[in-house]
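# Descriptive analysis of the structure
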Amino acid sequence: MPEVTMAQAINQGLRRALTDDDRVLVFGEDIGKLGGVFRITDRLQEEFGEDRVFDTPLAESAILGVSIGLAMAGWKPVPEIQFDAFSYPALDQVISHVAKYRFRSAGTVSMPIVMRLPVGGAVGAAEHHSESPEVYYAHTAGLKVVIPSTPIDAFNLLLASIRDPDPVIYLEPKARYWSKEPGELEPNGLPIGAARVLREGAHGTLVTWGGMVPRCLAAAEAAAEDGVELEVLDLRCLVPLDLDRLIASARKTGRVVVVHEAPMTAGFGGEVVARVVEDAFEYLEAPVLRVTGYDLPYPPATVEEHYLPSVDRILLAVQRTLTF
Amino acid sequence: MPEVTMAQAINQGLRRALTDDDRVLVFGEDIGKLGGVFRITDRLQEEFGEDRVFDTPLAESAILGVSIGLAMAGWKPVPEIQFDAFSYPALDQVISHVAKYRFRSAGTVSMPIVMRLPVGGAVGAAEHHSESPEVYYAHTAGLKVVIPSTPIDAFNLLLASIRDPDPVIYLEPKARYWSKEPGELEPNGLPIGAARVLREGAHGTLVTWGGMVPRCLAAAEAAAEDGVELEVLDLRCLVPLDLDRLIASARKTGRVVVVHEAPMTAGFGGEVVARVVEDAFEYLEAPVLRVTGYDLPYPPATVEEHYLPSVDRILLAVQRTLTF
Amino acid sequence: MERAEDQTIVRILDPEGRVVDPEARQALDLKEEDLRSLYRFMALSRQVDLECTALQRQGELAVYPPLIGQEAAQVGSAFALGEEDFVFPSYREVGVAVVRDIDLVEYMHFHRGTRHGGIDDPVGKRFGEISVPVSSQTLHAVGWAMGAQKDGRNACAIVYFGDGATSQGDFHEACNFAGVFRTPVVFFCQNNAWAISVPLSKQTAAPIWRKAEAYGFPGVRVDGNDVLASYAVTREALDRARTERTPTLIEAVTYRMGPHSTADDRTRYQPTEEIDRWQELDPLVRFRAFLQSEGMVDPEFLDRVERDAKDLAASVRAGIAGAPPRDIREMFGWMWGDIPAHLARQRDEVAALMEAEGPEDGDA
Amino acid sequence: MERAEDQTIVRILDPEGRVVDPEARQALDLKEEDLRSLYRFMALSRQVDLECTALQRQGELAVYPPLIGQEAAQVGSAFALGEEDFVFPSYREVGVAVVRDIDLVEYMHFHRGTRHGGIDDPVGKRFGEISVPVSSQTLHAVGWAMGAQKDGRNACAIVYFGDGATSQGDFHEACNFAGVFRTPVVFFCQNNAWAISVPLSKQTAAPIWRKAEAYGFPGVRVDGNDVLASYAVTREALDRARTERTPTLIEAVTYRMGPHSTADDRTRYQPTEEIDRWQELDPLVRFRAFLQSEGMVDPEFLDRVERDAKDLAASVRAGIAGAPPRDIREMFGWMWGDIPAHLARQRDEVAALMEAEGPEDGDA
Ligand SMILES: Cc1ncc(C[n+]2csc(CCOP(=O)(O)OP(=O)(O)O)c2C)c(N)n1
Ligand SMILES: Cc1ncc(C[n+]2csc(CCOP(=O)(O)OP(=O)(O)O)c2C)c(N)n1
Ligand SMILES: [Mg+2]
Ligand SMILES: [Mg+2]
């Protein structure tokens, strides 16, 4: 079986979407000739022409704002924002219009926009290039929020996102871009909103997404050496959240630890805790804990490994739930 | 004892701050001659002159952006943003600079900025005028988030916010502007970060803030008629969160319901649940529940009462915890 | 005309309705009938506007931002549009809605607080939802125009916004994109001298029309109280957009004769002398004088227009007064094409509560 | 000079270093010594820049955005500043930092990933932290200038940004505020022809200097590879800011001779012929030729400058290479003046973990 990286998978997903649906448009800063700073749009302009794959001026609010107009003209915009923190100038257009236009129009004007956004840390980058802004989007009613952690999922969730008639914030964990997976890049019909059990276990559940998935798997492996079997749930989508799988796992193991990169306070971990507590309270053997980035601005790269959840920190939290 | 409204209290707080500290500047859209659309800055320009109290052009990113420069020049900016949703164009400056500048400068340049922002619904307003954006701020490491629910608190927390050397997002629940309280507007030294038990009770705790405080009090009164004594905790500050009072109440009553206006998903309620679960798990008699705005864009005013937590919805949640 | 000394302003009629630029008047591709239509639309707009202010006072609307004084700018520009052209309004464009035959009752539901947006089927009607965040809609217009262009459609977008809106970053980014991509869009700024309480002099230090310099396309200043001039410059801008892919920024100099909205207390800032001065420049009076001097209207026509205007206003009143709220349960289907589990749960909760409560006041 | 046909450009020296505007040259308030300083600063900047690119290749810096080619624009403008004037840089202003005597080792800690910002004591040094979000710092400069003005200080702010930055809303809002409040600020745009892979022609449809029209203050285009012209226009702009409260937008036409950053693969988009053409316009070569033709420098001076430059570069290398990370525990005190409970808890957690782990590589 051939191996693909997540970067290749997303590139192929875009290519597929551009091929299958001639209403799809791909644009953003440096996505043309350069192929994007991560080469995710590599050669797409060459193949599909400047009309469908184009560079824009350096203005993120505009990139999302014109996406709205393009959607109203019957196109399917798939804009790229270059890095996590550079999505903030576009938040007004996203919150006030992308998320609200269909609701405002009493359901008559949908916004089939897929905003692609590289996110997360652990890549040794400079300030503003390692943030995890998922909560800003997840909390904004009207947006679906997708975050794959593997190449095959990235491919299929991208296609599902582009198929979706409503706006999707498609988050690409930079730390996973060069991760490889054997498999075919053939659409498998994966819908938005389905979490995935990456590893089964009876003693506890690690709930996570994006760049933290490999650490949770590593933690689970380490725990298994001590006879502790951890289930690892990759949410894959934060909105809509796969309540069924989340609650099923929480009920099964009775011990849940949520792991994410973003700061703890008001992070999406709180949502996971609240859902688990609401629907699985009587099954819980221990408090649901969070292992997250600290409540600081993302720190300089040379200390990021002290900032991000480490296998050790994850295991300590698991330990706390086991010995509670 | 004279009665004051929250609008008057904030106005007096600004006046006091402008009087006591000649580095304080008040500015924003329509805050001069008009005194702000809510008259919160009424007569301040007349009293303190256009140099210290001034109208700006219509540009929120600029209002926060120049605040940063003013802070670096040794001033204490107290900008007003006219309505909740109009703070979104400023999010980039707030997230990328206001919140991060001191950290970036290794602690050498502080940002004593107080951004005043009317928030919340239940005032019959048009789209974009009733939102509760507290999570965008609370999740952004580097910002303190204050939200008073009574006139006296509003006065004192404003002074505390302006005294604070670090950036404070000072949220003003519009629905409380005209609420009255007897009392003197004299500084009482109230610090940032102290929650307040508004009503004691043994059977359950309602945790809330801002515009939902009166509803929670009303729900507690209604419950009391049935012999259920609810404690009502007004957080007053979301960041930093008063963990001591929150956990103490949760441990005392064992039943907690969080109530807020913002949509449920990834709302600040999740943070409260997660904190309670982490530190009071063994005391809990029932799941910690959330009663919140629904996961829709804020709806048209004529149906907002179906959208916002009502006394009935609060009581139903309490009931669920009591009969769990 | 306050800015009469300004040689840059395009004007066809003087405040008394006399033709000051016969050549331009001659060049207008408007038939007599069209001229009467322009007047009629202005009169309808004025009447609906007054009615809505009254409706707000009577509690039938929550808040209303009057357009009074800006009829010529709105009607003149809208009249220049082709059927396929797309309007992106702000929140003050009832005059444009009148010309575009937008359902005004549905529109007023926005101001009643019974729905957001106010436009039924925006894509079909070629009229965007009411846009409140100042300037944000400028980008939507550019995007739509880019999209229409990609489809080879010969359609333009026109976006309405105020003088205050030019201070926003979105205005700049929209103009810059339009310049770079050469999109068929007309930026129509109604400079009504005020942004709530902030006068233009505190909003920007340059004439608005000159801002087009920054984007490499033409800027035009027009007397916004002159409906013919407003029509002419818009028409020209649309032609330029269609044939040369060149956007235009139009600054229509007009005046906000009413308060910012019915919630505003303008006595705090708007000088009455200024209002009085502009009262003399009423766009309807001016255009009626022109039509009369040209012998194009008779009392019968004016009567009929007055009746039509009153009828339209009455129909708005009849449609909106007492209108019940919409059902929040239905709104759970407005956000997305699907209703996922967490949302269905919430909808079911509110449905159960509403059933338990029984029918509301006004719901019957 | 590519834009030699452009009559609007201010230039004192031609590419061969010959004076083309003797009057302007005469008007310069620069002593011989100053002229030599200008050259020295350019040479130091060049050398530090090359060293940093090398340091990045050797893994001592994480990433580095070279300024090569832009020395004249940066040094000329910075040399015009008064001590009290405040610099707001983007991320490419090592040349400005050199002139302002900023600690370059501390600066390079930013690029090493050992700290953000890179400037120790920005307020004292009158030099803002490195600002990455494109254009965002333009507003900080305006705010600082407003503040200085309120204090009656005779100080100006200068803000550096690129051609791409002019597309951002923040640039527009900053210029507009500056125009309205008449703040003493100089907007110094280094138009280096590229914003990563996007050429100016796809960035905007108008000349950058013309954008000042939109804000009611002067715009100037200068040959950014001519250090004297860059100095002269900045000096003039600062005078105007100080005496007339008038901001200025300066477009310094220059060229990015290196990649966008060391992480960039510019072979994908930047034509080598274009690079070659600009190679002929090297600002250092030009200015050296001028100094030589004026007899102001001798081989000894040039040698000394070369030595100084190498010494400086070596000192940067010595200071930064192998520098250990800073301690994250300390960073919990960077965010706020206080450390509330939830944060103290996190700091204690990381402290305990680090203690358990023992000393790290490189920490010793
Ligand atoms: C982004 C944003 N900020 C603030 C407001 C509040 N607001 C509504 S209208 C208005 C003034 C707009 O002035 P102008 O653009 O001149 O249009 P006009 O109302 O005069 O038609 C303001 C400040 C808003 N709607 N959106
Ligand atoms: C808001 C924002 N968007 C995107 C980026 C990514 N980015 C960094 S530099 C750059 C190009 C800047 O070009 P220009 O303004 O011409 O400056 P130059 O790099 O050429 O000096 C981009 C797109 C960013 N830093 N900030
Ligand atoms: Mg206006
Ligand atoms: Mg550039």
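Just so you know, these numbers come straight off a predicted model, no measurement behind them.

What counts and how
Residues numbered from 1 in each chain as written. Chains lettered and ligands numbered in written order. Predicted model: local features only at pLDDT ≥ 70, side-chain atom pairs only at ≥ 80, totals over all residues. Heavy atoms only, no water. Helix = DSSP H or I, 4+ residues; strand = E, 2+ residues; numbered from the N terminus. Contact = heavy atoms within 4.5 Å. Areas by Shrake-Rupley, 256 points an atom, 1.4 Å probe, with all protein chains shown as cover. Lys, Arg positive; Asp, Glu negative; His and termini not counted. Charge placed at Lys NZ, Arg CZ, Asp CG, Glu CD. Rg over C-alpha atoms; globule rule 2.2 N^0.38 Å. Buried < 20%, exposed > 50% of the residue type's maximum accessible area, 1.4 Å probe, protein only. Buried area = accessible area lost by both parts, 1.4 Å probe. Salt bridge = Lys/Arg side-chain N within 4 Å of Asp/Glu carboxyl O. Polar contact = N/O pair within 3.5 Å; in protein donor to acceptor, adjacent residues only side chain to side chain. Nonpolar A, V, L, I, M, F, W, Y, C, P; charged D, E, K, R; others polar. Least-squares fit on C-alpha atoms with pLDDT ≥ 70 in both. Core = buried A, V, L, I, M, F, W, Y, C linked by side-chain atoms within 4.5 Å. Near = heavy atom within 4 Å. Donors = N, O, S within 2.8 Å, 3.2 Å for Na, K, Ca; no water. Phe/Tyr/Trp six-rings, centres within 6.5 Å; stacked < 30°, edge-to-face > 60°. Lys NZ or Arg CZ within 6 Å of the ring centre and 35° of its normal. pLDDT = per-residue confidence, 0-100. Pairing = 2+ DSSP bridges.

We now examine the overall build of chain C. Along its length, chain C carries 15 helices and 8 strands. The principal-axis extent of the C-alpha atoms belonging to chain C is close to 70 × 50 × 40 Å. Within chain C, contacts between residues separated by at least 24 positions form 74% of all contacts whose residues are at least 6 apart in sequence. When the accessible surface of chain C is split by element, carbon and sulfur atoms take 46% of a total near 12600 Å². Once the 40 positive and 60 negative side-chain charges of chain C are each reduced to a mean point, those two points are 3 Å apart.

Counting secondary structure elements, chain A contains 12 helices and 14 strands. Over its C-alpha atoms chain A spans a radius of gyration of 19 Å, differing by no more than 12% from the 20 Å that the globule rule assigns to 324 residues. If you line up chain A on its principal axes, its C-alpha atoms span 60 × 45 × 40 Å. By residue count, 76% of the 324 residues in chain A fall in the buried class. When contacts within chain A are restricted to residue pairs at least 6 apart in sequence, long-range pairs at least 24 apart make up 81% of them. Summed over its atoms, the accessible surface of chain A is roughly 8200 Å², and 48% of this surface lies on carbon and sulfur atoms.

Glancing now at the interface of chain A and chain B. Often the size quoted for an interface is simply the accessible area lost on bringing the parts together. Each partner contributes residues to the interface: chain A has 53 residues there, and chain B has 53 residues. Taken together, the two surfaces of chain A and chain B that pack against each other cover about 4500 Å², and 66% of this comes from carbon and sulfur. With a shortest N-O distance of 2.7 Å, A:R290 and B:E271 are connected by a salt bridge. Taken together, the connections running from chain A to chain B amount to 18 residue pairs in polar contact (both at pLDDT 80 or more). Counting only elements with at least two residues in the side of chain A that touches chain B, the list comes to α4 (91–98), α5 (101–104), α6 (134–138), β13 (256–263), α10 (268–280) and β14 (289–293) of chain A. A total of 8 residues in the side of chain A that touches chain B trace back to one element, the largest contributor, which is α10(A). Looking at side-chain class alone, the side of chain A that touches chain B contains 32 nonpolar, 8 polar and 13 charged residues.

Expressed as a screw transformation, the operator carrying chain A onto chain B has a rotation angle of 180° and an axial translation of 0.0 Å, and the superposed copies differ by an RMSD of 0.0 Å. A rotation of that kind, with that shift, is consistent with a two-fold axis. Considering only C-alpha atoms, the part of chain A nearest the rotation axis is A:G270, at 2.1 Å. When the interface residues of chain A are mapped onto chain B, 100% of them again fall at the interface, so both copies present the same face.

The next subject is the nonpolar core. Most often, soluble globular proteins keep nonpolar side chains buried together rather than apart. Counting 438 residues, the largest nonpolar core has C:F187, C:L228, C:F287, D:F187, D:L228 and D:F287 as the members making the most contacts within it. For D:F187, the contacting residues outside a window of four places in its chain are D:T138, D:V142, D:V159, D:F161, D:A174, D:C175, D:A178, D:F217, D:P247, D:T248, D:L249 and D:I250.

Residues in close proximity to ligand 2 total 20 residues, the closest being A:E60, D:Y91, D:R92, D:D163 and D:G164. Near ligand 2, the surrounding residues are drawn from chains A and D. D:V132 has a polar backbone atom sitting 2.9 Å from a nitrogen atom of ligand 2. Contact with the protein chains hides 95% of the accessible area of ligand 2, taken as 580 Å² for the molecule alone. Classifying every residue of the shell around ligand 2 gives 10 nonpolar, 6 polar and 4 charged.

Moving on to the coordination of the magnesium ion (ligand 3). Residue and element names in this part refer to chain C. Distances from the magnesium ion (ligand 3) to its protein donors, namely D163 (OD), N192 (OD1) and W194 (O), fall within the range 2.1 Å. Of note, the magnesium ion (ligand 3) draws all its donor residues from one chain, in the sequence arrangement D-x28-N-x1-W. In this pair, the class of N192 matches that of W194, namely buried.

Turning next to the side chain of A:E278. Along the polypeptide, A:E278 turns up in helix α10. Within polar-contact distance, the side chain of A:E278 engages the side chain of B:R320 at 3.3 Å. Setting aside chain neighbours within four positions, we find A:E278 in contact with B:P287, B:L289, B:R320 and C:R345.

Right, let's talk about the site of ligand 1 for a bit. The full set close to ligand 1 counts 20 residues, and B:E60, C:Y91, C:R92, C:D163 and C:G164 are the nearest of them. Residues lining ligand 1 come from chains B and C. In this structure, B:E60 approaches ligand 1 through a side-chain N or O atom, which is 2.5 Å from a nitrogen atom. Measuring from an oxygen atom of ligand 1, one finds a backbone N or O atom of C:G164 at 2.8 Å. Starting from 580 Å² of accessible surface for ligand 1 in isolation, the protein chains cover 95%. Classifying every residue of the shell around ligand 1 gives 10 nonpolar, 6 polar and 4 charged.

With that settled, consider the packing of aromatic side chains. Remark: the centre distance and the inter-plane angle together describe each pair of aromatic rings, the angle taken between the planes. Applying the stated rule across the entire model yields 56 aromatic pairs over all chains. Plain terms: the ring middles of A:F38 and A:F83 are 5.2 Å apart, the flat faces sit at 65° to each other, and that makes the pair edge-to-face. Linking A:F38 in the loop between β2 (24–28) and α2 (44–48) with A:F83 in the loop between β4 (76–80) and α4, this pair joins segments that are 45 residues apart in sequence. Here A:F38 falls in the buried class, since its relative accessible area comes to 17%. Each member of the aromatic cluster is reached from another via a ring pair, and the members are A:F38, A:F83, A:F86, A:Y177 and A:W178. Directly above the ring of C:W336 sits A:K144, whose terminal nitrogen or CZ lies 4.8 Å from the centroid. When the ring centre of D:W209 is taken as reference, the NZ or CZ atom of D:R210 above it lies at 5.8 Å.

Moving on, we come to the confidence of the model for chain C. Considering every residue of chain C, the mean pLDDT works out to 96; 97% of them sit at 70 or more. Predicted complex, confidence summary: ipTM 0.98, pTM 0.98.

Residue-level contacts link 40 residues of chain C with 37 residues of chain B. Summed over both sides, the interface between chain C and chain B buries roughly 3200 Å², with carbon and sulfur atoms accounting for 62% of that surface. At the boundary of chain C with chain B, the tally comes to 3 salt bridges. C:K202 is the partner of B:E50 in a salt bridge, and the nearest nitrogen-oxygen pair spans 3.3 Å. Mapped by element, the contributors of at least two residues to the side of chain C that touches chain B are α5 (104–112), α9 (200–203), α14 (328–331) and α15 (341–357) of chain C.

So, about the sheet that holds strand β8 (residues 248–253) of chain C. Read across the open sheet, the 6 strands follow the order β1-β7-β8-β4-β3-β2 (chain C); overall the sheet is parallel. Strands at the two margins of the open sheet, each flanked by one partner only, are β1 (9–10) and β2 (86–88) of chain C.

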